[in-house]
Amino acid sequence: MANDPLAEAGFHFDDLNKLRVLDPEVGQKTSELKEECKEFVDKIGQFQKIVGGLIELVDELAKEAETEKMKAIGARNLLKSVAKQRDAQQQQLQALIAEKTMQLERYRIEYEALSKVEAEQNEFIDQFILQK
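Sequence order as written defines the numbering, with residues in each chain counted from 1. The predicted origin of the model limits local features to residues at a pLDDT of at least 70 and limits the giving and counting of side-chain atom pairs to 80 or more, whereas totals for whole chains, interfaces and linings rest on all residues. Computation of side-chain values covers all heavy atoms of the structure but excludes hydrogens and water.

### Let's talk about the overall build of the chain
So, step 1. To qualify as a helix, a DSSP run of H or I must reach at least 4 residues; to qualify as a strand, a run of E must reach at least 2; elements of each kind are numbered from the N terminus. Tallying secondary structure elements over the chain gives two helices and two strands in all.
So, step 2. If you list the helices and strands of the chain from N to C, you get α-β-β-α.
So, step 3. Throughout this description, buried means an accessible area under 20% of the type-specific maximum (1.4 Å probe, protein chains only), exposed means over 50%, and partly exposed covers the range between. Expressed as a percentage of the 132 residues in the chain, the buried residues total 3%.

### Remarks on the pattern of salt bridges
So, step 1. Note on definitions: salt bridges are taken to be side-chain nitrogens of Lys or Arg within 4 Å of carboxyl oxygens of Asp or Glu. What the rule picks out here adds up to three salt bridges.
So, step 2. Of the charged contacts in the structure, one is a salt bridge between Lys71 and Glu68, with a shortest N-O distance of 3.6 Å. Residue Lys71 and its partner Glu68 are both found in helix 2 (residues 24-131); the two are separated by three residues, about one turn of the helix.
So, step 3. Residue class for Lys71 comes out exposed when judged on its relative accessible area of 52%.

### Considering the UniProt feature "coiled-coil region" (unreviewed entry) in the chain
So, step 1. UniProt positions are given in the numbering used here, feature names are shortened, and annotations may be inferred rather than shown by experiment. UniProt feature "coiled-coil region" (unreviewed entry): in the numbering of this structure it lies at residues 79-117.
So, step 2. Counting secondary structure, residues 79-117 comes out at 100% helix and 0% strand; the distance between its end C-alpha atoms is 56 Å.

### Concerning a negative patch on the surface
So, step 1. Only residues whose relative accessible area exceeds 30% and that take part in no salt bridge are eligible for patches, with like-charged residues grouped when within 9 Å of each other and nonpolar side chains (Val, Leu, Ile, Met, Phe, Trp, Tyr) grouped when within 5 Å. All accessibility values rest on the Shrake-Rupley procedure with a 1.4 Å probe; residue burial counts only the protein chains present in the view. Just so you know, the count uses Lys and Arg for positive and Asp and Glu for negative, and it drops His and the chain ends. A charge is said to be at NZ when it belongs to Lys, at CZ for Arg, at CG for Asp and at CD for Glu. A cluster of acidic side chains, namely Glu32, Glu35, Glu36, Glu39 and Asp42, defines a negative patch on the protein surface.
So, step 2. Within the secondary structure, Glu35 is located in helix 2.

### Some points on the confidence of the model for the chain
As a general rule, the predicted coordinates of low-pLDDT regions are not to be interpreted in detail.
So, step 1. The predictor attaches a confidence to each residue, called pLDDT, with possible values from 0 through 100. With 83% of its residues at a pLDDT of 70 or more, the chain has an overall mean of 89.
So, step 2. Here helix 1 (residues 5-8) stands out as the element of the chain with the lowest mean pLDDT, 64, in contrast to helix 2, whose mean of 95 is the highest.

Written out as structure tokens, the structure is:
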């Protein structure tokens with residue numbers, strides 16, 4: 001059939017002896033390619049579903065991470081605030097201690113002065129009693 005004039009003109013007979021314009025071998029390869037393409041499209045669809053699920057999961061994890069990050073920032077700010085309050089309270093207490101220390105020193109000096117006056121008055125009273 002190598003010199004078949006129909007084959008040279010591009011006409012071929014298939015297994016059912018129907019006249020075809022396409023070579024049966026090319027037709028078979030085309031069918032195989034069509035099936036492979038269908039399988040490929042199906043696999044791509046499955047891949048897209050898997051990737052879509054993965055993206056949703058990653059988005060949820062990102063939201064959870066962002067929430068935890070905000071909680072951590074809030075906790076850090078709260079700790080800073082507590083530390084500042086503690087420092088302010090410490091400064092107030094130190095100022096109060098300094099004030100009370102000064103007041104104690106004034107009272108000590110006043111006590112010494114009053115003790116001296118008392119001693120002088122007792123001495124005066126003793127001298128007065130002795131003179132009578």
